[in-house]
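If you want the building blocks of each chain, they are given just below.
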Amino acid sequence: MRKVVWGVLSTARIGIEKVLPEMLASPLIELRAIASRSLPAAEAAAQQLGIPRAYGSYEELLADPEIEAVYNPLPNHLHVPLTLQAAAAGKHVLCEKPIALSAEEAATLRAAAGRVRIEEAFMVRHHPQWQRARELVRAGRIGTPRAVQVAFSYFNDDPANIRNQAAIGGGALYDIGCYAILSGRWLFEAEPRRVVALVDRDPALGTDRSTSALLDFGAGRQLAFTVSTQSCPYQRVQVLGTRGRLEIRIPFNAPRGGAMQIALDEGGALDGSGVQVETLPAAEQYRLEAEAFSRLVRGEPGPGYGLDDALAQARVIDALWRSERSGRWEDIA
Ligand SMILES: NC(=O)c1ccc[n+]([C@@H]2O[C@H](COP(=O)([O-])OP(=O)(O)OC[C@H]3O[C@@H](n4cnc5c(N)ncnc54)[C@H](OP(=O)(O)O)[C@@H]3O)[C@@H](O)[C@H]2O)c1
């Protein structure tokens, strides 16, 4: 396959520290340019990572005719505007989660998504541990899945961090609640019908610092989650089935090249003595994600998640915000 030529919008930490090093290691990708609002910042990042071109504005990178695909890790409020600009310039876009602040905003990507590929960057779907967990559920190893439980938290109350700025799409639900929603959609292979949320907002920041929710997927299938930006670091996905239980131990931030573990308990001993631990091969989930996207850009087969999938996510987040305001169950619109 001919390499896909990529550019990246901004010197975002997630790019510099995690995504770009993995893309640079791929034989399917040529990472040719990085842009920043500040040219010196772009140049420093380009030099650090060995990226040939640096631009002092996002617009200049989008005007580069050699760039075929763009990775967009901007703050959440800029996901749709810059994805639209990139698409208008004929670039395919892998856009960080959450793709938009609302389903209405996400829907403005529709026309563009007909001309170029636009995907919400949920790298976890490309990690072998997520695929294996789904395979175990499909194979009936825990019986019928009844409940998915997700906890995801970290402590960060720095007002300068994008996660703590309500006006630009900060808060726990947008930042990490989206992974909890995705976990339920992935493991049940269904969409929720209605939701109820309990939201605690930081009085100074205005962001949701803790959000818990129940999602009804119908046919007795329930997702319960708690996400928090001001609790100790923790993450876990657990699936309870009629005959057993499985647990993804580091479901979201699997370390680069780390061998991950899934715990499967088909015995049900309350002291956990029946738990079997399966170790998955080491993987680079950001590289797998960018490679899958590159293959689709070249018309090669592979897993892909389009705008309909991103809209399904955004509709659930919308319903949870409605539930915060109404204090009631809200149907997914
Ligand atoms: N998939 C994952 O594992 C993962 C992990 C972390 C974050 N994310 C997502 O990636 C995105 C970036 O997160 P991050 O933690 O890497 O953020 P970050 O370090 O704060 O980077 C955001 C970048 O956006 C640019 N920017 C443009 N307008 C800005 C503004 N008004 N305020 C702040 N920055 C602005 C800045 O780059 P320049 O100054 O260079 O222009 C900044 O470095 C978010 O959407 C987040 O949800 C995904």
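Attention here is on the structure that accompanies the text. (Residues numbered from 1 in each chain as written. Predicted model: local features only at pLDDT ≥ 70, side-chain atom pairs only at ≥ 80, totals over all residues. Heavy atoms only, no water.)

**A word on the sheet that holds strand S14 (residues 275-279)**
Here comes step 1: Read across the open sheet, the nine strands follow the order S14-S13-S12-S11-S7-S10-S9-S8-S15; overall the sheet is mixed. Only two strands of the sheet have a single partner each, and these edge strands are S14 and strand S15 (330-331).
Here comes step 2: Pairing of strand S13 (residues 261-265) with S14, which is carried by five bridges, proceeds in the antiparallel orientation. Across the sheet, the residue bridging to Gln261 is Thr279, located in S14. (Pairing = 2+ DSSP bridges. Helix = DSSP H or I, 4+ residues; strand = E, 2+ residues; numbered from the N terminus.)

**Considerations on the packing of aromatic side chains**
Here comes step 1: Considering all chains together, one arrives at nine aromatic pairs under this definition.
Here comes step 2: Ring centres of Trp6 and Phe293 lie 5.5 Å apart, and the angle between their planes is 55°; this geometry places the pair in the tilted category. Here Trp6 is found in strand S1 (residues 4-9), whereas its partner Phe293 is found in helix H9 (residues 285-297), with 287 residues between them in sequence.
Here comes step 3: Trp6 gets classed as buried once you look at its relative accessible area, which sits at 0%.
Here comes step 4: On the accessibility criterion, Phe293 (0% relative accessible area) is buried.
Here comes step 5: Measuring from centroid to centroid gives 5.5 Å for Phe122 and Tyr179, while their planes differ by 75°, and the two rings are edge-to-face. A residue pair is termed long-range when its members are at least 10 positions apart, and Phe122 in the loop between strand S6 (118-121) and helix H7 (128-138) and Tyr179 in helix H8 (residues 172-188) qualify at 57 residues.
Here comes step 6: Judged by relative accessible area, which is 1%, Phe122 ranks as buried.
Here comes step 7: Taken together, the aromatic side chains of Phe122, Trp130, Phe152, Tyr179, Trp186 and Phe252 make up a single cluster linked through ring pairs. (Phe/Tyr/Trp six-rings, centres within 6.5 Å; stacked < 30°, edge-to-face > 60°. Buried < 20%, exposed > 50% of the residue type's maximum accessible area, 1.4 Å probe, protein only.)

**Description of the side chain of His92**
Here comes step 1: Along the polypeptide, His92 turns up in strand S5 (residues 92-96).
Here comes step 2: By relative accessible area, His92 is classed as buried at 17%.
Here comes step 3: A polar contact of 2.9 Å, which involves the side chain of His92, links it to the backbone nitrogen of Arg117.
Here comes step 4: Apart from residues lying up to four places away in sequence, His92 is in contact with Glu68, Ala69, Val70, Val116, Arg117, Phe293 and Val297. (Polar contact = N/O pair within 3.5 Å; in protein donor to acceptor, adjacent residues only side chain to side chain. Contact = heavy atoms within 4.5 Å.)

**Details of the nonpolar core**
Here comes step 1: With 71 residues, the main nonpolar core has Trp6, Leu20, Tyr179, Leu215, Phe225, Leu246 and Leu320 as its most contacted residues.
Here comes step 2: Here this core takes twelve residues from H8, the largest share from any one element.
Here comes step 3: Grouped together as the second largest cluster of nonpolar side chains are 29 residues, Ala86, Ala87, Ala112 and Val116 included. (Core = buried A, V, L, I, M, F, W, Y, C linked by side-chain atoms within 4.5 Å.)

**Notes on the pairing of strand S8 (residues 194-201)**
Taken residue by residue, a regular strand's side chains alternate between the two faces of the sheet.
Here comes step 1: Judged from the eight bridges that link them, S8 and strand S9 (residues 208-216) form a sheet pairing that is antiparallel. In the sheet register, Ala197 faces S9, and the bridge partner there is Ala213.
Here comes step 2: The turn joining S8 and S9, which pair antiparallel and follow one another in sequence, is formed by six residues; a positive phi near 80° is taken by Gly206.
Here comes step 3: Bridging between S8 and S15 involves two bridges; their strand directions are antiparallel. Bridge pairing in S15 places Val195 opposite Glu330.

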